[in-house]
Structure formats: structure tokens, C-alpha cells
Amino acid sequence: MKKSDFIVIGCVIVCLLPFFVSDAVYSFYKTFNAEHGMIMSFLKFAILSTLGECIGLRISAGVYNRKGFGIWPRAIVWGVLGMGISMAMTIFSSGVPVFLKTMGMENAVTVMGESLSWDKVFVAFCISVAQNTIFAPVFMTLHKITDTHILSHGGTLSGFFTPIKMGEIMANLNWRVQWNFVFKKTIPFFWFPAHTITFLLPGDMRVLFAALLGVVLGVLLAIATHKK
């Protein structure tokens, strides 16, 4: 392993330390997370999901960073997207159980606060399917647009803050890969089950787990870049 590999492993360990160091540290984390949810969402995704993209680059190119990659612009994008994901998780985790109740599942709302059961797994799966069917395609496309924008400006912060040529970038996206791999394969076969687990977790753990899944996303993006 290279020195950079140990650095990356160290970053992941540091992010998880609040859960293992002491009860006082974990209590502070939970309190700050509850009182400043959006700030924590920004930080979790900015760190972990950007790290995931660096790992993806390591897989595809053998390095964690290179000229034009734009780690800082990517971190900003992931932070903002992370706040959007946190918002979406709140909306869908609240709204889908209410919808299921109107469809005849009387315990759909209350079951999410109870211990693990098949009913709870079913509701969590429905929340995951709704979020990943309605929200995820828009999120993934926006992420691809910002990624293209960052690369086209050499990964610089000054270039990142220039207007994004949305129409031009969208017209030149590889929609075949976007549909056949990103939408049609990763959403049903990975994100549906992955976020079912997410919604089975306590509320204060969901955003962190979703951010950790960003590491997996980095690997998936590395695979997608090699598809034509």
C-alpha cells in the first residue's frame, strides 16, 4: 500500500471516531447533529463522498488526485448535494408512510418507530424506492453536470464559480451510460436495497450512513467512466 492509501484509511477512521472514543464525544456528536443538521449534512458529504470520488480515481487512474480533478470544487458540490439529500430523506421518510396509510396499511407510520419487523422493512423499502425513483435521477444528473463543469474548468475554484452551461453540458452528456448503467442498474440493484437499510437506522444515523455510501458511489462512478 502507498502512503496515500494509509492517509485515506486514516480519514475514514477519524470520521468514525465519535462513535468509539467515549460516551461524552458521542453525546456531543448527537447533540450537534440534532441542533445543526444541515451543517453536519454538508460536512459529512463534503468529506466522505469526495473521499469516495478520490477512491474511484485511485481505481481508474492509480492516484487519489491529479491536476484538473478539483477536490475542493467537488467537496463544495457534495456538501450542497448532501443538504439536498438530507432534505429529501426527511420528506420521503415522513411522506411515504403517510401515503401507505392512505393505501390501507394502517400501521405504516407507527411501525417506523418500533423494533425491526417485516412491516418495518417493507415501509423502509417503499421509502427507498420512492426517493430513488423520484429524487435520485435528478440528483445524479445534476451531479454529472457539475462534475463536467468542474473538469471543463481544470478543477479550479475560480472556474467552478463561473456560470454553468447547463444546456450545452446536458446536450453532450452520455445519456446511454446515464440510462443503461447509472439509472437502470445502480438504482434498482444497489440504491434500493442500500437505502432500505438507511431508513431502518435511527434518524440521527441515516445521513452519515448515506454519506458513507458515497464511498461506494465513487467506485460505481469509476466503473461508469469505463463504460461506453
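Residues numbered from 1 in each chain as written. Predicted model: local features only at pLDDT ≥ 70, side-chain atom pairs only at ≥ 80, totals over all residues. Heavy atoms only, no water.

Draft legend 1. The arrangement of the side chain of arginine 74 in detail. Looking at the secondary structure, you find arginine 74 in helix H4 (residues 71–102). By relative accessible area, which is 4% here, arginine 74 ends up buried. A distance of 2.5 Å separates the side chain of arginine 74 from the side chain of aspartate 147, its partner in a polar contact. In contact with arginine 74, other than residues within four places in its own chain, are Thr50, Glu53, Phe69, Asp147, Ile150 and Leu151. (Helix = DSSP H or I, 4+ residues; strand = E, 2+ residues; numbered from the N terminus. Buried < 20%, exposed > 50% of the residue type's maximum accessible area, 1.4 Å probe, protein only. Polar contact = N/O pair within 3.5 Å; in protein donor to acceptor, adjacent residues only side chain to side chain. Contact = heavy atoms within 4.5 Å.)

Draft legend 2. Examining a nonpolar patch on the surface more closely. A cluster of nonpolar side chains, contributed by Leu142, Ile164, Met166, Met170 and Trp175, occupies part of the molecular surface with about 400 Å² of accessible area. Mapped onto the fold, tryptophan 175 is located in helix H9 (residues 175–200). (Patch = residues over 30% accessible without salt bridge, like charges linked within 9 Å, V, L, I, M, F, W, Y side chains within 5 Å. Areas by Shrake-Rupley, 256 points an atom, 1.4 Å probe, with all protein chains shown as cover. Salt bridge = Lys/Arg side-chain N within 4 Å of Asp/Glu carboxyl O.)

Draft legend 3. Inspection of the packing of aromatic side chains at higher detail. Scanning the model with the defined rule gives 7 aromatic pairs in all. With centroids separated by 6.4 Å and ring planes inclined at 85 degrees, the aromatic side chains of phenylalanine 125 and phenylalanine 192 adopt a geometry described as edge-to-face. Taken together, the residues span a long stretch of sequence, with phenylalanine 125 in helix H5 (residues 118–134) and phenylalanine 192 in helix H9 at a distance of 67 residues. An angle of 70 degrees between the planes, with centres 5.0 Å apart, marks the rings of phenylalanine 160 and phenylalanine 161 as edge-to-face. What makes phenylalanine 160 buried here is its relative accessible area of 13%. Ring pairing ties together the aromatic residues Phe45, Trp78, Phe135 and Phe139, which thus form one cluster. (Phe/Tyr/Trp six-rings, centres within 6.5 Å; stacked < 30°, edge-to-face > 60°.)

Draft legend 4. Just H9, in detail. Over its 26 residues, H9 runs only 33 Å from end to end, short of the ideal 38 Å by more than 12%, given 1.5 Å per residue. Within H9, the axis deviates most sharply at isoleucine 187, by approximately 55 degrees, and proline proline 188 lies no more than four positions further along. (Expected span 1.5 Å × (residues − 1). Bend = angle between axes of the 7 residues up to and from the residue.)

Draft legend 5. Geometry of the side chain of serine 49. Along the chain, serine 49 turns up in helix H3 (residues 37–61). The residues touching serine 49, leaving out its near neighbours within four places in the chain, are Lys44, Trp78, Ala211 and Gly214.

Draft legend 6. Structural view of the environment of methionine 166. Relative to the assigned elements, methionine 166 resides in helix H8 (residues 166–171). On the basis of relative accessibility, which here comes to 35%, the residue methionine 166 falls in the partly exposed class.

Draft legend 7. Layout of the packing of H5 against H9. At a closest axis distance of 8 Å, the pairing of H5 and H9 adopts a crossing angle of 130 degrees. With respect to H9, the element H5 is oriented oblique. Between H5 and H9 lies a crossing of right-handed hand. Contact residues: Lys120, Val121, Ala124, Phe125, Ile127, Ser128, Val129, Gln131, Asn132 and Thr133 in H5; Ile187, Trp191, Phe192, His195, Thr196, Phe199 and Leu200 in H9. Counted by class, the contact of H5 with H9 contains 10 nonpolar, 6 polar and 1 charged residues. (Axes fitted to C-alpha atoms, helices over the stretch in contact; angles between N-to-C directions. Parallel < 35°, antiparallel > 145°, perpendicular 65-115°, else oblique. Left-handed = near helix turned anticlockwise from the far one by under 90°. Nonpolar A, V, L, I, M, F, W, Y, C, P; charged D, E, K, R; others polar.)

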